[in-house]
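Commentary on secondary and tertiary structure
Read off the chains here:
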Amino acid sequence: MKLIYKAPETFTKKPTTYCPGCTHGIAHRLIAELLEEMDLVKKAVIVWPVGCSVFGYDFIDTDATVAAHGRACAMATGIKRAHPESFVITYQGDGDLASIGMAETVHAAARGELITTIFINNGNFGMTGGQMAPTTLIGQVTTTSPYGRKPEVNGFPIHVAEMLATLDGPAYIARASLDSPQHINQAKNFIRKAFKAQLLGLGYSLVELVSTCPTNWKMTPVEALERVRKEVLPVFPIGEFRVVKGVE
Amino acid sequence: MMGERLLMKGSEALAEAAIRAGAQIFFGYPITPQNETPEYFSRRMPELGRKYVQAESEVASINMVYGAAATGTRVITTSSSPGISLMQEGFSYIGNSNVPCVVVNVMRGGPGLGNIAPAQGDYFQATKGGGHGDYHSIVLAPHTVQEQCDLMYDAFELAEKYRIMVVVLSDGLLGQMMEPVEFKDWVDVSKLKTPDWAIVGKGDRPRNLISSFELDPEGLEKMNLALQEKYKKIAENETRYELYMMDDAEYALTGFGTVARIMKTTVKMLREKGIKAGLIRPITVWPFPYKVYEDFADKVKFFFDVEMNEGQMLEDVKLGVNGKKPVLYYGRLGGVVPTAEEIYKQFRLHLGGC
């Protein structure tokens with residue numbers, strides 16, 4: 001029988017700790033596959049975040065660290081500047097990156113740090129029980145926006161990819177979605193370009209991945225994917241927002 | 001260039017000393033009264049093919065330090081009191097991640113925005129943690145520009161020996177004054193090796209993980225106990241202090257950093273009047289030299305502690321003396337630097353009048 005698909009070698013054998021239907025597993029897989037395909041496993045250093053994916057180092061077998069909440073891009077800056085031969089990735093959620101770590105993210109991007117950020121946008125703080133995030137949609141009910149997010153009280157969702165694309169430092173900024181096989185393939189393609197941007201020394205790169213959180217959204221995995229298509233993607237459209245010459 | 005004697009401002013001299021001691025990369029954010037230090041690094045580091053990055057905040061700069069430290073690179077940041085407060089989060093993570101780095105705090109008047117005058121109000125913060133959890137950093141308290149430079153070498157060596165953060169606890173006076181200074185030999189950075197625990201890409205070895213994270217309480221307790229073991233070893237081996245005219249002293253003055261320097265003059269003034277005074281000056285304020293106070297408690301009539309804060313080190317002095325003799329105190333706040341005469345007068349009040 002011909003083997004056509006298998007787990008990446010870089011995956012440890014440890015079962016992941018994610019909820020059923022969560023798309024972290026897909027994001028991890030794309031990263032591991034690309035590290036292997038691009039021969040980056042041996043030089044990769046992944047900066048894992050605070051949040052559900054804090055245990056990421058248990059699932060992907062590379063050198064790794066866990067940053068303080070929001071500080072991944074600063075820590076990654078330190079690693080990359082001190083040791084430019086390393087291939088440095090930050091993996092961050094929307095609370096981590098767009099709330100408490102916004103300053104570190106924007107400035108790492110503006111400096112054109114040669115790091116790559118994988119940004120998981122699932123519209124809430126997953127690990128702490130589904131509180132409102134900067135990416136929570138207007139009207140969305142969370143544990144800290146029980147009446148639905150209201151602009152006059154909570155402000156508006158932040159479009160991270162579009163915002164960072166206005167800066168000169170990033171070489172590649174894109175948003176993809178993990179809701180369907182086609183979109184997952186596109187996400188992999190985007191992440192490949194983001195990795196390429198770092199390898200070629202062109203600047204900062206980020207791929208925002210629209211993701212699900214069935215547990216905190218109080219939905220089945222299928223309903224959560226449907227919600228992504230119906231409600232989230234119209235607000236957070238997928239596509240490439242900044243592609244400097246050489247990345248394409 | 002051993003033997004080279006230069007007249008330098010403290011804040012620039014410390015940068016030059018750090019560079020000669022092998023600092024490979026600097027991250028920082030400007031704050032008065034230590035701006036000459038990052039300015040000096042920004043010019044000098046590229047000159048030597050080393051690196052300088054101005055961060056967007058102190059929060060970012062300490063996390064950049066954390067990242068660079070995790071690669072086993074000699075890394076330093078410098079700041080002043082309010083900036084150091086912002087770094088406390090990073091200090092705690094660095095503490096439980098066992099990575100080496102050097103942090104200079106050029107203390108200024110506080111709390112809050114305070115002012116830019118020299119002060120010593122960050123003693124508690126530096127020696128008792130500051131960030132969350134049971135961690136310590138080695139804290140060195142120089143009292144001259146020369147000592148500040150010498151300790152820079154020790155700071156990097158101690159940091160690497162114990163995989164710990166070393167704080168050089170300076171103040172606005174030591175930063176702003178000019179003194180002649182002689183530097184020790186250059187450390188050959190080309191000979192510095194990437195340690196086997198560093199995260200730089202796993203290559204052909206099993207992967208490395210630098211983390212302060214452990215969800216299992218018993219696992220985290222184990223991590224904590226390992227830290228405490230390390231601290232115990234440091235306290236046993238690295239405690240430092242200076243004794244000044246203490247051989248026949250009947251009265252022990254004590255203080256750290258800038259104040260201790262001024263108190264040396266006070267001791268001379270007292271000696272001229274035939275009063276047998278001496279000075280105990282802790283150089284490591286963590287680990288604190290408790291034993292020297294305990295030892296002198298049998299020999300002196302009382303201790304007189306002077307600080308530019310509201311008696312923060314006083315608590316440690318009292319712990320050392322352990323109730324055996326009176327410990328008297330005089331302090332100035334808000335960035336006021338007491339004069340030798342003022343300290344002399346205060347001491348004489350305790351003796352029963354001038």
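In this report, we go over the structure that sits alongside the text.

So, how was this worked out
Residues numbered from 1 in each chain as written. Chains lettered and ligands numbered in written order. Predicted model: local features only at pLDDT ≥ 70, side-chain atom pairs only at ≥ 80, totals over all residues. Heavy atoms only, no water. Helix = DSSP H or I, 4+ residues; strand = E, 2+ residues; numbered from the N terminus. Rg over C-alpha atoms; globule rule 2.2 N^0.38 Å. Buried < 20%, exposed > 50% of the residue type's maximum accessible area, 1.4 Å probe, protein only. Lys, Arg positive; Asp, Glu negative; His and termini not counted. Charge placed at Lys NZ, Arg CZ, Asp CG, Glu CD. Core = buried A, V, L, I, M, F, W, Y, C linked by side-chain atoms within 4.5 Å. Axes fitted to C-alpha atoms, helices over the stretch in contact; angles between N-to-C directions. Parallel < 35°, antiparallel > 145°, perpendicular 65-115°, else oblique. Left-handed = near helix turned anticlockwise from the far one by under 90°. Contact = heavy atoms within 4.5 Å. Nonpolar A, V, L, I, M, F, W, Y, C, P; charged D, E, K, R; others polar. Buried area = accessible area lost by both parts, 1.4 Å probe. Salt bridge = Lys/Arg side-chain N within 4 Å of Asp/Glu carboxyl O. Polar contact = N/O pair within 3.5 Å; in protein donor to acceptor, adjacent residues only side chain to side chain.

When helices and strands are counted, chain A shows nine helices and nine strands. The C-alpha radius of gyration computed for chain A amounts to 17 Å, which stays within 12% of the reference 18 Å derived for 248 residues, consistent with globular compactness. Based on the C-alpha atoms only, the size of chain A along its principal axes is roughly 50 × 50 × 30 Å. When each of the 248 residues of chain A is scored for burial, the buried share is 58%. With 24 positive and 23 negative side-chain charges, chain A shows a separation of 2 Å between the mean positions of the two kinds.

For the rest of this paragraph, the subject is the nonpolar core. Within the largest apolar cluster, 118 residues are counted, with the highest numbers of intra-cluster contacts made by I76, I138, M152, Y293 and F303 of chain B. By size, the runner-up hydrophobic cluster in this structure holds 38 residues, among which are L40, V66, L209 and V247 of chain A.

A word on the packing of helix 6 (residues 145-162) of chain B against helix 8 (residues 217-238) of chain B. Residue and element names in this part refer to chain B. Contact geometry for helix 6 and helix 8: axes closest at 11 Å, N-to-C directions at 140°. Accordingly, the angle class assigned to the pair helix 6 and helix 8 is oblique. Considering how the two elements wind past one another, helix 6 and helix 8 form a crossing that is right-handed. Packed against helix 6, whose contacting residues are L158, K161 and Y162, the element helix 8 presents K230, K233, I234, N237 and E238 at the interface. Considering only residue class, the contact of helix 6 with helix 8 consists of three nonpolar, one polar and four charged.

In this assembly, 34 residues from chain A lie in contact with 31 residues from chain B. Both sides together, the interface formed by chain A and chain B hides about 2700 Å², and carbon and sulfur atoms give 59% of it. Between chain A and chain B we count five salt bridges in total. Measuring nitrogen to oxygen at the nearest pair gives 2.8 Å for the salt bridge that ties R71 of chain A to E89 of chain B. Taken together, the links from chain A to chain B amount to 17 residue pairs in polar contact (both at pLDDT 80 or more). For the side of chain A that touches chain B, the secondary structure elements donating two or more residues are strand 1 (44-48), strand 2 (63-66), helix 2 (72-82) and helix 4 (102-111) of chain A. Of the residues that constitute the side of chain A that touches chain B, the class distribution is 17 nonpolar, eight polar and nine charged.

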